[in-house]
4 protein chains.
Amino acid sequence: MAEGVHSYTFRVRYAETDAMGVAHHSSYVIWFEAARVELLRDLSLPYTELEQRGFSMPVIELNVRYQRPAYFDDLLTVQTWIAELGEVRLRLAYRLIRERDGKAQVIAEAQTQHAFLDRNGRITRLRNHPDLQARFQELVHQLRGPA
Amino acid sequence: MAEGVHSYTFRVRYAETDAMGVAHHSSYVIWFEAARVELLRDLSLPYTELEQRGFSMPVIELNVRYQRPAYFDDLLTVQTWIAELGEVRLRLAYRLIRERDGKAQVIAEAQTQHAFLDRNGRITRLRNHPDLQARFQELVHQLRGPA
Amino acid sequence: MAEGVHSYTFRVRYAETDAMGVAHHSSYVIWFEAARVELLRDLSLPYTELEQRGFSMPVIELNVRYQRPAYFDDLLTVQTWIAELGEVRLRLAYRLIRERDGKAQVIAEAQTQHAFLDRNGRITRLRNHPDLQARFQELVHQLRGPA
Amino acid sequence: MAEGVHSYTFRVRYAETDAMGVAHHSSYVIWFEAARVELLRDLSLPYTELEQRGFSMPVIELNVRYQRPAYFDDLLTVQTWIAELGEVRLRLAYRLIRERDGKAQVIAEAQTQHAFLDRNGRITRLRNHPDLQARFQELVHQLRGPA
């Protein structure tokens, strides 16, 4: 958190590779989601708890730029930060990196946009959830992105 | 149906392959499920309708024997039949084949066992669902397996 | 093709849904790829043949806008067209629709960008592959997008 | 290892759930593979190294008994041990457990059978790979299964 990003480290699974010998481009989408879930947990906003309150944040937009291939068994890190916190939506930014020989290679960069929905699947304003709003506003300061 | 099996034909997707250049062994499990869904639809027991009635048939046991690799873009057929219809469970058998040069190659053989559950996730006897029971009993005669 | 798009129709699989009861957002990425593979096949440029020539078109950028949820067993159609054909890359556009009561609902819109790579994974110009270039240029006229 | 099993702990991902609100039965197959990869790494037989030597161990048989549902975000452990080491094949056993209130619940039990293949995809005897044979024989003693 010191660096303004949340970090989530994982291994590329064999099932996530494809016949080109690299991680399939759909796997990245799942990794970013796993990173998002860990970010919320580490920040005391576990996704399971949000769901119990009837608050959800489905992905409404996704952008990924694939820069280098990732391989089976690579140890990768997703760095995540808040690109924009709005009244009815949130935009997260991601950088997927591989440490090699002490240097970080960027594998991919991405953004996801999320809508805030209530129990009935209708758009809800963050100000209707004061404790979540307070928590998210703190995060904006903590997770400003890489320096 | 004439042959005692239900047939479902599909293409192997790129995302279903792995770094060995073949279809990943977990993909087969998804294909057998897709075949099962088509079988139920073709037999006028669509899974979505079963779910609406609160009847479900989760997989409680799975066995797969992998005999030959399957490749990206292969046109494969799952032949499905009823191995055993019990009071509280159903056993389905599958044969995954590839037509090549007019001959059918067996890629894999499998079985899944399913429990009958009611709306509350409790085991339910088929006789409590007379119309389903009648329909399933007909199927036992139609889907006896390959000659 | 008459309408300037290629159409690929498929069913949402159970394995593609998630605990929100809708198709998971990563599944769309796999559907767009399946549509792309069928587009190339229908246009006599099967992907397996491109690969044999050592020509590949990995995804280097992906954008998806999710507009409505898709559900298990939905019969969906991906409409695909060529957004831009460059010397070293291709941009495809997609519209995912569901027919309901005779009307087409847009579920998602997307774009993928692809780099042209040779056998050694290096960027290759389309003009180095005259027959592919001719075929792709025809496609630009056929697949201009929905009217 | 003290207990005769290798342990691999992980979180259930959202993408691994389905519309029944539980982890999809195909996800387990991927978790067992991830456990297998970690087992080999922890035992100084990393799968990437085996592959570089041209030695592979594809799954030729799979059996899973699903006993309790697993849920999104569950922290699960795969316990793996060697059920049988043959001259041309290996059988691994798995137990998937969830710790809850200090007690371990069994979620599933499974076995996979693997063929030993050489660089050309032909069956190879373990005795043709003396160092691997020695290493695997040690493992048989270490990984005898739960007491």
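Computed from a predicted structure; not experimentally measured.

About the criteria used
- Residues numbered from 1 in each chain as written.
- Chains lettered and ligands numbered in written order.
- Predicted model: local features only at pLDDT ≥ 70, side-chain atom pairs only at ≥ 80, totals over all residues.
- Heavy atoms only, no water.
- Least-squares fit on C-alpha atoms with pLDDT ≥ 70 in both.
- Contact = heavy atoms within 4.5 Å.
- Salt bridge = Lys/Arg side-chain N within 4 Å of Asp/Glu carboxyl O.
- Polar contact = N/O pair within 3.5 Å; in protein donor to acceptor, adjacent residues only side chain to side chain.
- Helix = DSSP H or I, 4+ residues; strand = E, 2+ residues; numbered from the N terminus.
- Nonpolar A, V, L, I, M, F, W, Y, C, P; charged D, E, K, R; others polar.
- Buried area = accessible area lost by both parts, 1.4 Å probe.
- Pairing = 2+ DSSP bridges.
- pLDDT = per-residue confidence, 0-100.
- Axes fitted to C-alpha atoms, helices over the stretch in contact; angles between N-to-C directions.
- Parallel < 35°, antiparallel > 145°, perpendicular 65-115°, else oblique.
- Phe/Tyr/Trp six-rings, centres within 6.5 Å; stacked < 30°, edge-to-face > 60°.
- Buried < 20%, exposed > 50% of the residue type's maximum accessible area, 1.4 Å probe, protein only.

With an RMSD of 0.0 Å, the operation that places chain C on chain A is a rotation of 180 degrees combined with a shift of 0.0 Å along the axis. The superposition of one copy onto the other is thereby described by a two-fold rotation axis. Relative to the rotation axis, the C-alpha of Asn63(C) is the closest in chain C, positioned 2.2 Å from it. A shared binding surface is used by both copies, with 100% of the interface residues of chain C retained as interface residues in chain A.

Facing the 18 residues of chain C at the interface are 18 residues of chain A. Scanning the region where chain C abuts chain A turns up zero salt bridges. Linking chain C with chain A are six residue pairs in polar contact (both at pLDDT 80 or more). Where the side of chain C that touches chain A is concerned, the elements lending two or more residues are helix 1 (25-42) and strand 2 (59-66) of chain C. Top contributing element to the side of chain C that touches chain A by residue count: strand 2 of chain C, with eight residues. Its residues assigned to classes, the side of chain C that touches chain A comprises eight nonpolar, five polar and five charged.

A few words now on the interface of chain A and chain B. Put simply, an interface is often sized by how much accessible area is lost when its parts join up. Taken together, the contacts link eight residues of chain A with eight residues of chain B. Regarding the contact of chain A and chain B, the summed buried area is about 750 Å², with carbon and sulfur atoms giving 63% of it. A per-residue breakdown of the area chain A buries against chain B is headed by Tyr14(A), Ala15(A) and Ala19(A), which together make up 56% of the total. The tally of links from chain A across to chain B stands at zero salt bridges. Counting across the interface, chain A meets chain B through six residue pairs in polar contact (both at pLDDT 80 or more). Grouping the amino acids of the side of chain A that touches chain B by side-chain chemistry returns four nonpolar, three polar and one charged.

With that settled, the discussion passes to the pattern of salt bridges. Summed over the entire model, instances satisfying the criterion amount to 52 salt bridges over all chains. Residues Arg41(D) and Asp73(A) are paired through a salt bridge, measuring 2.7 Å at the closest nitrogen-oxygen approach. Of the two residues, Arg41(D) is situated in helix 1 (residues 25-42) and Asp73(A) in the loop between strand 2 (59-66) and strand 3 (75-85); the pairing between them involves two chains. Taking the shortest distance from any N to any O, the salt bridge between Glu87(A) and Arg125(A) comes out at 3.5 Å. Taken together, the positions of Glu87(A) in the loop between strand 3 and strand 4 (89-100) and Arg125(A) in the loop between strand 5 (103-115) and helix 3 (130-142) put the pair 38 residues apart, joining distant regions of the chain.

So, about the environment of Leu139(C). Residue and element names in this part refer to chain C. Assignment of secondary structure puts Leu139 in helix 3 (residues 130-142). Separated by 96 residues in the primary sequence, Leu139 and Leu43 place their C-alpha atoms 8.0 Å from one another. Setting aside residues up to four positions removed in sequence, Leu139 forms contacts with Leu43, Leu45 and Ile82.

A few words now on the pairing of strand 2 of chain C. Inspection of the sheet shows strand 2 of chain A paired to strand 2 of chain C by five bridges, in the antiparallel sense. Bridge pairing in strand 2 of chain C links Asn63(A) to Asn63(C).

Averaged over every residue, the pLDDT of chain A is 94; the share at 70 or more is 99%. Per-residue pLDDT, averaged within each element of chain A, yields its smallest value for helix 2 (residues 47-52) of chain A (90) and its largest for strand 2 of chain A (98).

Quick look at the packing of helix 1 (residues 25-42) of chain A against helix 1 of chain C now. In contact at an axis separation of 9 Å, helix 1 of chain A and helix 1 of chain C are set at 175 degrees when each is read in the N-to-C sense. Taken together, helix 1 of chain A and helix 1 of chain C sit at an angle that is classed as roughly antiparallel. In this structure, helix 1 of chain A uses His25(A), Ser26(A), Val29(A), Ile30(A), Glu33(A) and Arg36(A) to contact helix 1 of chain C, whose residues at the interface are His25(C), Ser26(C), Val29(C), Ile30(C), Glu33(C) and Arg36(C). Tallied by class, the residues present in the contact of helix 1 of chain A with helix 1 of chain C amount to four nonpolar, four polar and four charged.

Once that is clear, we can look at the packing of aromatic side chains. Scanning the model with the defined rule gives 40 aromatic pairs over all chains in all. On the numbers, 5.6 Å between centres and 15 degrees between planes, the contact of Tyr8(D) with Phe10(D) is stacked. As far as burial versus exposure is concerned, Tyr8(D) and Phe10(D) are alike and both buried. Look at Phe55(D) and Phe116(D): their rings are 5.4 Å apart centre to centre, the planes differ by 35 degrees, and that puts the pair in the tilted class. Of this pair, Phe55(D) sits in the loop between helix 2 (47-52) and strand 2 (59-66) while Phe116(D) sits in the loop between strand 5 (103-115) and helix 3 (130-142), and the two are 61 residues apart along the sequence. For the pair Phe55(D) and Phe116(D), one class covers both residues: buried. One aromatic cluster is present, built from ring pairs that chain together Tyr8(A), Phe10(A), Tyr28(A), Trp31(A) and Tyr66(A).

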